[in-house]
Protein chains: 2
Amino acid sequence: MQEASIKAQSLSGFRDFLPEKMVVRQYVIDTLRQVFERHGFEPLETPALEYAETLEGKYGEDEHLLYRFAHGDRNVGLRYDLTVPLARVVGQHAAKLTFPFKRYQIQPVWRAERPQKGRYREFYQCDVDIVGSSSPLADAEVISINYEGLRDLGFSNYYTQLNSRKLLTAIGLYAGAGEQAAGIFRAIDKLPKIGAAGVLETMAKYGIADDVARRALDLALLSKGRRDQADDLKLLADLRQRFAAIPEGVAGVDELSAVVRILPHLLPDSAYAVDLTLARGLNYYTGAVFETVVVDGGVGSVTGGGRYDELVGMFSGRNLPTVGTSFGLERLIDIIEGRAGQQTRKTLSQVFVSVFNEASLPASLMLAGELRAAGLNVEVAYDYQKGDLGKQLKYAAARGIPLALILGPDEQAQDLVQLRTIAAEGGAKGEIAQQAVPRSEIAAALRARLNLRADP
Amino acid sequence: MQEASIKAQSLSGFRDFLPEKMVVRQYVIDTLRQVFERHGFEPLETPALEYAETLEGKYGEDEHLLYRFAHGDRNVGLRYDLTVPLARVVGQHAAKLTFPFKRYQIQPVWRAERPQKGRYREFYQCDVDIVGSSSPLADAEVISINYEGLRDLGFSNYYTQLNSRKLLTAIGLYAGAGEQAAGIFRAIDKLPKIGAAGVLETMAKYGIADDVARRALDLALLSKGRRDQADDLKLLADLRQRFAAIPEGVAGVDELSAVVRILPHLLPDSAYAVDLTLARGLNYYTGAVFETVVVDGGVGSVTGGGRYDELVGMFSGRNLPTVGTSFGLERLIDIIEGRAGQQTRKTLSQVFVSVFNEASLPASLMLAGELRAAGLNVEVAYDYQKGDLGKQLKYAAARGIPLALILGPDEQAQDLVQLRTIAAEGGAKGEIAQQAVPRSEIAAALRARLNLRADP
């Protein structure tokens with residue numbers, strides 16, 4: 001069966017996730033799943049392949065990144081995002097769904113990008129959406145999902161910036177931009193990167209008159225210096241007066257105020273802030289937009305979303321009010337992998353049971369079985385036939401398993417188990433220490449060493 | 001954005017998994033993951049796309065089922081199974097892996113089959129393998145994984161049939177079949193379906209002489225009537241004498257005996273049986289082969305695997321002894337979905353918190369937050385602005401959420417919550433009952449109603 005003539009290689013831009021990487025990936029995904037499910041969001045999965053015509057015309061200038069091919073007499077394409085499949089599902093299965101439809105979806109997508117550092121052709125997206133509700137509580141709950149997701153992933157210094165597309169439009173109209181409002185958003189969105197002067201320059205490039213540009217920027221900057229929710233509400237009341245003659249502005253203020261009034265019941269006051277300079281790239285938003293920014297380490301935005309009432313109904317022929325957020329899963333995994341003293345481990349295995357010799361195998365297997373029943377992840381040495389304990393422990397150390405047990409004839413006679421620390425948690429090599437523990441107390445001793453609660 | 005002119009449809013043979021289906025799928029996958037991780041197996045994921053030449057020539061007459069296409073100047077293909085990617089990973093990343101490499105992999109694969117009931121073009125496989133060990137404990141542990149996996153999925157009446165490819169070869173040689181041994185396996189493998197007479201007829205069709213066929217079948221039937229492990233070992237000792245002049249037969253007996261001697265330390269005696277009529281379809285096995293059969297309801301085989309020492313090294317240019325098993329995940333999910341009184345639910349949401357009116361929203365949100373912190377999956381009504389409690393509860397019933405809470409001004413004044421049962425667990429409509437519970441006891445009351453342990 002050897003075919004070493006064919007080189008073992010994966011495609012450029014595609015990754016194998018070996019166990020060490022998968023441990024972190026599963027930790028992040030499982031943590032977020034729990035947050036979503038705690039709030040009544042439920043899982044959805046859609047096929048990797050869709051009819052090409054389902055995908056075409058949806059991604060603008062990025063359409064050339066679609067993986068498209070003919071199969072039989074059909075043109076098909078690989079999933080490019082999770083939003084179009086959601087819209088397709090809502091159109092196809094509306095009769096089977098209960099609305100508001102609260103779903104999360106965590107699946108890979110494929111884009112024929114030029115591979116480069118941190119950019120892949122296959123990567124996971126993680127979307128959470130509420131389809132069929134225009135309640136401000138829906139917006140607020142999605143914002144709180146961002147907060148709780150990052151909290152449960154161990155982040156501390158972060159907050160959600162919050163704005164409304166309707167307010168951005170109103171700012172443009174109020175400043176006198178008319179049809180050029182879109183250029184204003186795009187320029188203001190770059191404020192953190194290019195500063196106020198850069199924003200004005202960019203607006204000039206878009207052909208926006210200098211006085212209009214200055215008025216728009218001044219308005220957007222009104223949200224700076226926010227201390228607490230009272231400031232948000234004061235700002236919104238101020239805007240309501242200014243925008244009295246702009247229906248979209250009044251609607252934007254009222255919608256966003258309703259959301260802001262709910263937020264303190266769901267997350268700390270310091271965890272969100274109205275920020276009139278936030279625009280978000282995608283052009284399909286119709287109401288609230290938000291991004292969660294991690295302050296420490298210049299990490300920046302790790303989740304983003306908003307309300308987009310006119311997209312998910314695209315296959316249904318009707319508007320379906322929708323609000324959702326997307327976690328930058330690959331980015332979050334990278335950050336958590338890079339954490340100093342990370343809480344994730346190199347391996348999920350917690351205990352290695354060595355086998356002294358062939359005659360001791362039954363005793364070692366019985367011990368392993370008891371520990372598994374006590375909720376521990378346990379490996380038993382396979383190469384016991386040579387009776388080479390050193391080699392067995394070397395395997396455990398190479399795997400990063402933190403604790404090993406030795407149960408030879410002496411220990412069996414005395415009803416003891418030798419408990420050996422073979423690697424510090426996290427995979428770094430620690431002191432090798434050994435301790436004899438009574439057989440009946442070993443599960444409890446291991447759980448204590450692993451900082452697990454007393455019972456599984 | 002409405003484009004109702006494009007029909008919302010998925011490709012034939014591809015499925016959307018709506019939340020109700022996903023709940024069962026995740027239950028099965030999470031349960032098996034736990035079993036695998038408890039035994040020190042760790043997750044691996046590989047890309048959906050591989051170089052076409054990695055996949056070509058590996059699937060024999062099924063090669064036309066590969067999804068292959070050109071992308072740029074590359075020929076690529078969608079993952080067809082999880083075994084070739086495992087071999088590719090072992091060849092590509094050997095230096096980063098610790099052997100024995102114990103991995104599990106649960107991912108979709110794609111095959112351009114003609115879609116029909118129960119056969120899909122995209123389906124999940126679930127493989128567990130130990131690469132780099134020829135220890136009989138590796139075989140025994142994989143067999144015990146089959147046992148524990150099904151046990152934790154709630155199966156009771158099932159067992160693992162166990163044989164060895166070397167014994168099958170020896171049976172053929174002993175009976176005088178020479179080069180026709182393969183025809184003998186294939187015929188005997190059909191015994192449960194076509195009976196002894198059918199097997200003899202099939203062998204005749206394969207050109208096997210009648211006396212050879214009868215001798216082979218008689219030998220294979222020696223394993224019938226097994227009561228316990230002692231019978232397995234007696235049978236193997238008997239075969240060792242008969243096969244004394246056939247080296248492959250002696251090796252087969254010795255290998256399988258070593259595995260059988262370990263099994264009682266890992267699983268009940270009734271959960272496995274040597275069965276000389278088991279052959280398994282694939283031709284790459286080199287040692288033990290096994291299948292786990294669910295007896296009740298004529299379900300048949302739900303897992304299968306064996307030792308295949310010459311396959312995983314195909315890209316490495318060397319043999320890598322490997323033993324593994326594959327869970328028929330889609331089949332298991334179908335069976336569990338169809339269970340009467342299934343332990344799975346229609347929704348993961350456990351509690352619906354209604355909102356009496358806009359003024360009560362903060363109280364309802366505080367209650368929901370507390371319950372989430374107590375480990376419950378909680379939804380809050382979005383359409384509270386109309387104050388239509390009946391409509392809110394109708395939504396909860398349609399979703400299959402078993403318990404609902406009402407917290408109006410009267411309840412708030414009396415520090416009570418109304419706890420209403422809106423659907424029996426499992427989604428069937430039950431009696432609607434309502435009970436007032438003190439506010440401070442509500443989390444405990446809900447956990448008790450849901451049969452959860454007292455603390456999360």
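Just so it is clear, the model here is predicted, and its values are computed rather than measured.

Reading guide: rules and limits
- Residues numbered from 1 in each chain as written.
- Chains lettered and ligands numbered in written order.
- Predicted model: local features only at pLDDT ≥ 70, side-chain atom pairs only at ≥ 80, totals over all residues.
- Heavy atoms only, no water.
- Helix = DSSP H or I, 4+ residues; strand = E, 2+ residues; numbered from the N terminus.
- Buried < 20%, exposed > 50% of the residue type's maximum accessible area, 1.4 Å probe, protein only.
- Contact = heavy atoms within 4.5 Å.
- Pairing = 2+ DSSP bridges.
- Axes fitted to C-alpha atoms, helices over the stretch in contact; angles between N-to-C directions.
- Parallel < 35°, antiparallel > 145°, perpendicular 65-115°, else oblique.
- Left-handed = near helix turned anticlockwise from the far one by under 90°.
- Nonpolar A, V, L, I, M, F, W, Y, C, P; charged D, E, K, R; others polar.
- Polar contact = N/O pair within 3.5 Å; in protein donor to acceptor, adjacent residues only side chain to side chain.
- Arc of directions from axis to C-beta.
- Least-squares fit on C-alpha atoms with pLDDT ≥ 70 in both.
- Expected span 1.5 Å × (residues − 1).

Looking only at helices and strands, chain A has 15 helices and 16 strands in total. In terms of its C-alpha atoms, chain A occupies a principal-axis envelope of roughly 90 × 60 × 45 Å. Looking at chain A residue by residue over its 456 residues, the buried ones come to 59%. Look at the contacts in chain A between residues 6 or more apart in sequence, and 67% of them connect residues 24 or more apart.

Here A:Val260 lies in helix α10 (residues 247–262). Along the backbone, A:Val260 and A:Ala273 are 13 residues apart, and their C-alpha atoms lie at a distance of 8.9 Å.

All names here are of chain B. A sheet is described by the order of its strands in space; here three strands give the open sequence β2-β4-β3, paired in antiparallel fashion. A single partner strand is all that each edge strand has here, and the edge strands are β2 (49–51) and β3 (68–71). On average, adjacent strands in this sheet sit at an angle of 40 degrees to one another, irrespective of strand direction. Relative to strand β4 (residues 74–78), β3 is paired through four bridges, and the arrangement is antiparallel. Note that in β4 the partner of Phe 69 across the bridge is Val 76.

What follows concerns the packing of helix α1 (residues 19–38) of chain A against helix α1 (residues 19–38) of chain B. With their axes 15 Å apart at the nearest point, α1(A) and α1(B) run at an angle of 140 degrees to one another. Taken as axis vectors, α1(A) and α1(B) run oblique relative to one another. Of the two elements, α1(A) crosses α1(B), and the hand of that crossing is left-handed. On the side of α1(A), the interface is formed by A:Gln26, A:Asp30, A:Arg33 and A:Glu37, while α1(B) contributes B:Gln26, B:Asp30, B:Arg33 and B:Glu37. Within the contact of α1(A) with α1(B), the residues separate by chemical class into no nonpolar, two polar and six charged.

The next thing to look at is the side chain of A:Arg88. You can see A:Arg88 is positioned in helix α3 (residues 83–93). Polar contacts involving the side chain of A:Arg88 include one to the side chain of A:Gln92, which spans 2.8 Å. Those residues in contact with A:Arg88 that sit more than four places away from it in its chain are A:Thr46, A:Pro47, A:Glu50, A:Thr54, A:His93, A:Phe315, B:Ala8, B:Gln9, B:Ser10 and B:Asp16.

Peptide bonds are trans in most cases, and residues, glycine excluded, mostly fall at negative phi. Residue and element names in this part refer to chain A. Of note, the amide linkage connecting Phe 99 to Pro 100 takes the cis form, showing an omega dihedral of -5 degrees. One can find Pro 100 in the loop between α3 and β5 (101–110). In this model, Asp 415 sits at a positive phi of 60 degrees, which is unusual for a non-glycine residue. Judged by relative accessible area, Asp 415 falls into the exposed class, the value being 51%.

Residue and element names in this part refer to chain B. Residues of helix α15 (residues 442–449) that are buried include every one of Ile 442, Leu 446 and Arg 447, and no others. One face of α15 carries all of its buried residues, which in axial projection span an arc of 135 degrees. Its buried side turned inward, α15 meets β12 (351–353), α12 (361–373), β14 (403–406), β15 (416–421) and β16 (433–438). Phi turns positive one or two residues past the end of α15, at Asn 451, with a value near 60 degrees.

It is worth spelling out the relation of the copies chain A and chain B at this point. When chain A is brought onto chain B, the operation consists of a screw motion whose angular component is 180 degrees and whose axial shift is 0.0 Å, with 0.1 Å RMSD remaining. Taken together, the rotation and translation relating the two chain copies correspond to the operation of a two-fold axis. Residue A:Phe69 of chain A places its C-alpha closer to the rotation axis than any other residue of that unit, at 3.3 Å. When you check the interface residues of chain A against chain B, 100% turn up at the interface there too, and the contact is symmetric in its surfaces.

This part is about helix α4 (residues 136–152) of chain B. Residue and element names in this part refer to chain B. When the terminal C-alpha atoms of α4 are compared, their 24 Å separation across 17 residues agrees well with the 24 Å that a helix rising 1.5 Å per residue should span. Across the 17 residues that make up α4, a large majority, 15, are buried. One side-chain oxygen at the N-terminal end of α4 lies 3.1 Å from the backbone nitrogen of Leu 137; it belongs to Ser 135.

Let us look at the sheet that holds strand β6 (residues 122–131) of chain B. Residue and element names in this part refer to chain B. Strand order in this open sheet of eight strands is β1-β5-β6-β11-β10-β9-β7-β8, and the pairing throughout is mixed. Each having just a single partner strand, β1 (42–43) and β8 (272–274) make up the two edges of the open sheet. The sheet strands contacting helix α10 (residues 247–262) are β7 (158–164), β8 and β9 (288–294), and the helix crosses β7 at an angle near 155 degrees.

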